[in-house]
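# Report on the structure
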Amino acid sequence: MSYNSNYNSTYRGASPPLSYYFLPRQRLNTLLAVHSISSFLIGTIGYIHPSTAMLFFSMESAREFGVARVLSRLYCSLIFAQGIMIWRARKINDGEIKRVFILAYFLCFLFSTVALIVEHLSNEGIVDGKFFGVAKIMAMMGLTAGYGWVTFFYP
């Protein structure tokens, strides 16, 4: 994606101001870029250090920890791959393909958010309700809202 021509001719070589990324034509690109970079970071950290899953889930035995380690690495591999897909999708010019991506992510994050909230409210001790558990729910709600906004309010 290139900057608009007025910006390039005025400020050659400079980064655009922060407000540029929130212009109506750049909001989707900004959402996809932030989601992609976050996916790269979370996928990498979770794969290299699967014990970070203990920040979000309760594990009481060594066997549960072993299962969580494997599932965390598998899940983080998918998150990292998703980051690649999102980063590359930013360059797609076909609006119909982008709408499919956006709708799929909206539904994915909506169902994930509902599942996390239900597990959190059931209070069975599987999903910890501490700071990182609540932060995870808030992040999922943010992604749901972002992709929902684009799904329903963008042409």
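Below is a short write-up of the structure.

The rules behind each value
Residues numbered from 1 in each chain as written. Predicted model: local features only at pLDDT ≥ 70, side-chain atom pairs only at ≥ 80, totals over all residues. Heavy atoms only, no water. Helix = DSSP H or I, 4+ residues; strand = E, 2+ residues; numbered from the N terminus. Buried < 20%, exposed > 50% of the residue type's maximum accessible area, 1.4 Å probe, protein only. Contact = heavy atoms within 4.5 Å. Areas by Shrake-Rupley, 256 points an atom, 1.4 Å probe, with all protein chains shown as cover. Core = buried A, V, L, I, M, F, W, Y, C linked by side-chain atoms within 4.5 Å. Patch = residues over 30% accessible without salt bridge, like charges linked within 9 Å, V, L, I, M, F, W, Y side chains within 5 Å. Salt bridge = Lys/Arg side-chain N within 4 Å of Asp/Glu carboxyl O. Axes fitted to C-alpha atoms, helices over the stretch in contact; angles between N-to-C directions. Parallel < 35°, antiparallel > 145°, perpendicular 65-115°, else oblique. Left-handed = near helix turned anticlockwise from the far one by under 90°. Nonpolar A, V, L, I, M, F, W, Y, C, P; charged D, E, K, R; others polar. Phe/Tyr/Trp six-rings, centres within 6.5 Å; stacked < 30°, edge-to-face > 60°.

### Some thoughts on the overall build of the chain
Scanning the chain for helices and strands turns up 5 helices and 0 strands. Listed by position from the N terminus, the elements making up the chain come as α-α-α-α-α. Looking at the chain residue by residue over its 155 residues, the buried ones come to 28%. For the chain, the share of sequence-separated contacts (at least 6 apart) that also reach a separation of at least 24 residues comes to 67%. As displayed, the chain has an accessible area near 10500 Å², and 69% of this comes from carbon and sulfur atoms.

### Some thoughts on the nonpolar core
By size, the foremost hydrophobic cluster in this structure holds 12 residues: L28, L32, I86, I102, Y105, F106, F109, L116, I137, M140, Y147 and V150. Listing elements by their share of this core, those giving two or more residues are α2 (27–48), α4 (95–122) and α5 (131–153). Examining the composition of this core, we find that 5 residues originate from one element, α4, more than from any other. Beyond its immediate chain neighbours, meaning those up to four positions away, Y147 contacts L31, L32, H35, I102, Y105, F106 and F109.

### With respect to a nonpolar patch on the surface
Nonpolar side chains collect at one region of the surface, where I117, L121, V134, M138 and M141 lie side by side and expose about 460 Å² of accessible area between them. Contributing elements (two or more residues each) for the nonpolar patch: α4 and α5. Mapped onto the secondary structure, I117 falls in helix α4. For I117, a relative accessible area of 31% gives the class partly exposed.

### Considerations on the pattern of salt bridges
Applying the stated rule across the entire model yields 1 salt bridge. Salt-bridge contacts for R99 lead to E96; the nearest nitrogen and oxygen are separated by 3.3 Å. Of the two residues, R99 and E96 both sit in helix α4, 3 residues apart, roughly one turn of that helix. Here R99 falls in the partly exposed class, since its relative accessible area comes to 43%. Judged by its relative accessible area of 46%, E96 falls in the partly exposed class.

### Some points on the packing of α2 against α4
Angle between the axes and distance between the axes: these two values describe a pair of packed helices. At a closest axis distance of 13 Å, the pairing of α2 and α4 adopts a crossing angle of 55°. Accordingly, the angle class assigned to the pair α2 and α4 is oblique. Note that α2 runs across α4; the crossing there is left-handed. Residues L28, L32 and H35 of α2 pack against K98, I102, Y105 and F109 of α4. Here the residues of the contact of α2 with α4 sort into 5 nonpolar, 1 polar and 1 charged.

### Considering the packing of aromatic side chains
Going through the model one piece at a time under the given rule, you end up with 7 aromatic pairs. Between F40 and F80 the ring centres are 5.2 Å apart and the planes differ by 55°, which places this aromatic pair in the tilted class. Placement of the pair is F40 in helix α2 and F80 in helix α3 (residues 62–89), with a sequence separation of 40 residues. Its relative accessible area of 24% is what places F40 among the partly exposed residues. Residue classification places F80 among the partly exposed positions, given a relative accessible area of 33%. Arranged with centres 6.5 Å apart and planes meeting at 35°, the rings of F101 and Y105 form a pair that is tilted.

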